[in-house]
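The primary structure of each chain is shown beneath.
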Amino acid sequence: MTLSYKIHTATTGDVDGQPLGYSFDFPSLSEDHITVTVDGATKSITSDYTVENWTADAGNNPYIKFTSSTARGSGTIRIARGTTSTSPTHDFQVGSAIKASDLNSCNKQNIYLAQENRDSLNALALGDASSAIQINSKELDTVREQFDGYFQYIDDFIADMKK
């Protein structure tokens, strides 16, 4: 099963001798859907890196290439697919022709989004700090307080009904 991300490491110290290109092997709908972070800091396409040999099926040995060792920095490099979820890849209109390629593209968008969510949840469950989903203890305390308040409300309601 292909993951929707790939992790590499650039070591600290002298990074000049390290490669600037890092491979990935997951498909995507667009080159623009490839995102890169180094130690959690988002990098910008063109100014920090370029996507080389991109094809939708990732069959041409694609990789990202940092523009310089300064742009790359050091630490954990996370190359991920970030499929757009705000709009479908194709908008079908009444009376228009429906092409198989458009339907396939919409299906791939749904599959990729499901994979990305699965990978984020799995990373979260494994305690992976690079997960797209992060929960800290303060947020958990807030949720617990909200539930405690709700349960107290239910207890009070039941007590009032017994009167």
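What you see is a predicted model; the values in this text were computed from it and never measured.

Caption draft 1: Here's a closer look at the side chain of serine 4. Relative to the helices and strands, serine 4 resides in the segment before strand 1 (5–10). Serine 4 sits in the buried class, given a relative accessible area of 4%. Serine 4 has contacts with Phe26, Ile79, Ala80, Arg81, Gln115, Glu116 and Asp119, leaving out every residue within four places of it along the chain.

Caption draft 2: Looking closely at the environment of valine 36. Among the structural elements, valine 36 can be located in strand 3 (residues 34–38). Along the chain, valine 36 and glycine 82 lie 46 residues apart, while their C-alpha atoms are 9.8 Å from each other.

Caption draft 3: Region of the structure containing the sheet that holds strand 6 (residues 63–66). Spatial strand order, 2-6-5: three strands in an open sheet with antiparallel pairing. The sheet is open, and its two edges are formed by strand 2 (21–23) and strand 5 (49–52), each paired on a single side. Here the strands of the sheet are splayed against their neighbours by 25 degrees on average, with no regard to which way each runs. Where strand 5 lies against strand 6, four bridges are found, and the strand directions are antiparallel. Note that in strand 6 the partner of threonine 50 across the bridge is lysine 65.

What counts and how
Residues numbered from 1 in each chain as written. Predicted model: local features only at pLDDT ≥ 70, side-chain atom pairs only at ≥ 80, totals over all residues. Heavy atoms only, no water. Helix = DSSP H or I, 4+ residues; strand = E, 2+ residues; numbered from the N terminus. Buried < 20%, exposed > 50% of the residue type's maximum accessible area, 1.4 Å probe, protein only. Contact = heavy atoms within 4.5 Å. Pairing = 2+ DSSP bridges. Axes fitted to C-alpha atoms, helices over the stretch in contact; angles between N-to-C directions.

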